[in-house]
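Secondary and tertiary structure notes
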Amino acid sequence: MSLAAVATDMSLGARAHRVARVAADFADSVDREGRFPKEAVDAMKAERLLGIQIPAAFGGESATTQELAEVCSILGQACAASAMVFAMHQIKVSSLVEHGAESEWHRDFMRELCARQFLVASATTEAGIGGNLRNSICAIEIDGDTCRLEKDATVISYGAHADAIMVTSRARADAAPGDQVMTVFRKSQYTLEKTVDWDTLGMRGTCSDGFIFKGEAPAAQVFPKPFAEIAAQSMLASSHLLWSAVWYGIAADAVLRAQAFVRAAARKAGGSQPHGALRLAETSNLLQLLKANILSGLRAYEDAKADPDQLSSMAFSIAMNNVKLASSETILTIINQAMIICGIMGYKNGTPYSLGRHLRDAHSAQLMISNDRILGNTSTMLLVQKPDTSLLG
């Protein structure tokens, strides 16, 4: 392939790799400074990646969840924070795609998102409810054709840098905490007052600060479907699968660094098997298991999308929960093994084999959403739902 052809390759994979190269160049400074990965996100916009999931009829590329996951894994190998921003954006876009097509306003917003490459954030957490996104304290106020909302959001990832935010709330002032709706607010329709700084061990570039959100917008921007339906039929699966793809990317890059270390040691060893070679083989096996887990989940999601009842079933929720649990726990073992292989060169910053950023970013996986919360939900469902024990599903 000629250089000219490479430069104009507009396949999704080629575009993702071009963004990844930009992300990799700034990954260490994004982590060190705890700053938003502006260069990588600007590259995503330049390569028109933010609207790829939206149907072609509305200006997008109708990208599948498998294709989104592949982009997440490519970006994850370069900069975990950049990859997570992309993943969280696409999780919100999935709600538009799956639940906004029946609304004229949301169809128009999808067209504008593609045309202008809007970055969409999420405000689902709230002070007083912990990490339970399926409950809200705040309630949206509908006054004629206008809606108003104030929310004490403990986390809005990249909120200060987003072009729009999707916010959950109770459907009305007298609604139960679980009777929720989700509303799209454009940047010009809300204010953010920072209440909590994001100074964390890893994933520092997601800039997930806390804010008091105050918004006012046309009531047409409220999703027509209840948030319970949106959460079960699009957010659950897309969150667990796309996050897992990001984590796979982090782990894959750690294994590549460990492999490079062992190869360099082999060249110095004059043909004898270097220290760490057997551990590398074990780590490669774990990476393959991680990949198989995610691919199995992606196939299950694509199969279930043809049946809304299946998407809302306990069996499907258990399957997606298990993908998240296995992925978030396996990556830590993989990266720790890679660290042992690389030794002090992996422990130190600034070497070709440095793995400190990978390990710190990976520790967020068990906290997004808390594995203990997921295990609790799964255990409750298993009281009434038999696990699928067939080999072929």
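Now for a quick tour of the structure. Note that this is a predicted model, so its numbers are computed, not measured.

1. Focus on the sheet that holds strand 2 (residues 141-143)
Strand order in this open sheet of four strands is 2-3-7-6, and the pairing throughout is antiparallel. Edge positions in the sheet fall to strand 2 and strand 6 (190-196), since each has one partner strand and no second. Strand after strand, the sheet turns through a mean of 10° between neighbouring axes, direction not considered. Inspection of the sheet shows strand 2 paired to strand 3 (residues 146-153) by three bridges, in the antiparallel sense. The residue bridging D143 from the neighbouring strand is T146, located in strand 3.

2. Describing the nonpolar core
Of all hydrophobic cores here, the largest spans 121 residues; its most connected members are F86, I165 and V246. With 21 residues, the single largest contributor to this core is helix 7 (residues 227-269). Sequence-distant contacts of I165, that is, excluding residues within four places in its chain, are made with A121, S122, A123, I156, G159, T183, V184, F185, Y190, L192 and F213.

3. Remarks on the packing of aromatic side chains
This structure, assessed with the given rule, holds seven aromatic pairs. Taken together, W105, F109 and F118 form an aromatic cluster joined through their ring pairs.

4. As for the packing of helix 4 (residues 65-76) against helix 8 (residues 277-304)
One way to put it is that helix 4 packs onto helix 8 with a least axis distance of 10 Å and a crossing angle of 150°. With respect to helix 8, the element helix 4 is oriented roughly antiparallel. Handedness of the crossing formed by helix 4 with helix 8: right-handed. Residues T65, Q66 and A69 of helix 4 form the contact with helix 8, whose participating residues are L298, Y301 and E302. Of the residues assigned to the contact of helix 4 with helix 8, the class counts are three nonpolar, two polar and one charged.

5. Some thoughts on the pairing of strand 7 (residues 210-218)
Of the strand pairs in this sheet, strand 3 and strand 7 are connected by eight bridges, and their pairing is antiparallel. Bridge pairing in strand 7 links L149 to G215.

6. Considering the environment of S244
If you trace the backbone, S244 turns up in helix 7. On the basis of relative accessibility, which here comes to 0%, the residue S244 falls in the buried class. Taking the C-alpha atoms as reference points, S244 and A162, separated by 82 residues in sequence, lie 23 Å from one another. For S244, the contacting residues outside a window of four places in its chain are I294, V323, K324 and S327.

7. A closer look at the sheet that holds strand 1 (residues 120-123)
Taken in spatial order, the three strands of this open sheet run 1-4-5, and their pairing is mixed. If you trace the sheet from one side to the other, it starts and ends with strand 1 and strand 5 (180-186), each paired once. Strand-to-strand twist of the sheet, defined as the mean angle between neighbouring strand axes without regard to direction, takes the value 25°. As paired strands, strand 4 (residues 164-170) and strand 5 are joined by seven bridges and run antiparallel to one another. Bridging from a neighbouring strand, V167 pairs with T183 of strand 5. Across the sheet, helix 6 (residues 104-116) is in contact with strand 1, strand 4 and strand 5; its angle to strand 5 comes to roughly 45°.

Basis of the calculations
- Residues numbered from 1 in each chain as written.
- Predicted model: local features only at pLDDT ≥ 70, side-chain atom pairs only at ≥ 80, totals over all residues.
- Heavy atoms only, no water.
- Pairing = 2+ DSSP bridges.
- Helix = DSSP H or I, 4+ residues; strand = E, 2+ residues; numbered from the N terminus.
- Axes fitted to C-alpha atoms, helices over the stretch in contact; angles between N-to-C directions.
- Core = buried A, V, L, I, M, F, W, Y, C linked by side-chain atoms within 4.5 Å.
- Buried < 20%, exposed > 50% of the residue type's maximum accessible area, 1.4 Å probe, protein only.
- Contact = heavy atoms within 4.5 Å.
- Phe/Tyr/Trp six-rings, centres within 6.5 Å; stacked < 30°, edge-to-face > 60°.
- Parallel < 35°, antiparallel > 145°, perpendicular 65-115°, else oblique.
- Left-handed = near helix turned anticlockwise from the far one by under 90°.
- Nonpolar A, V, L, I, M, F, W, Y, C, P; charged D, E, K, R; others polar.

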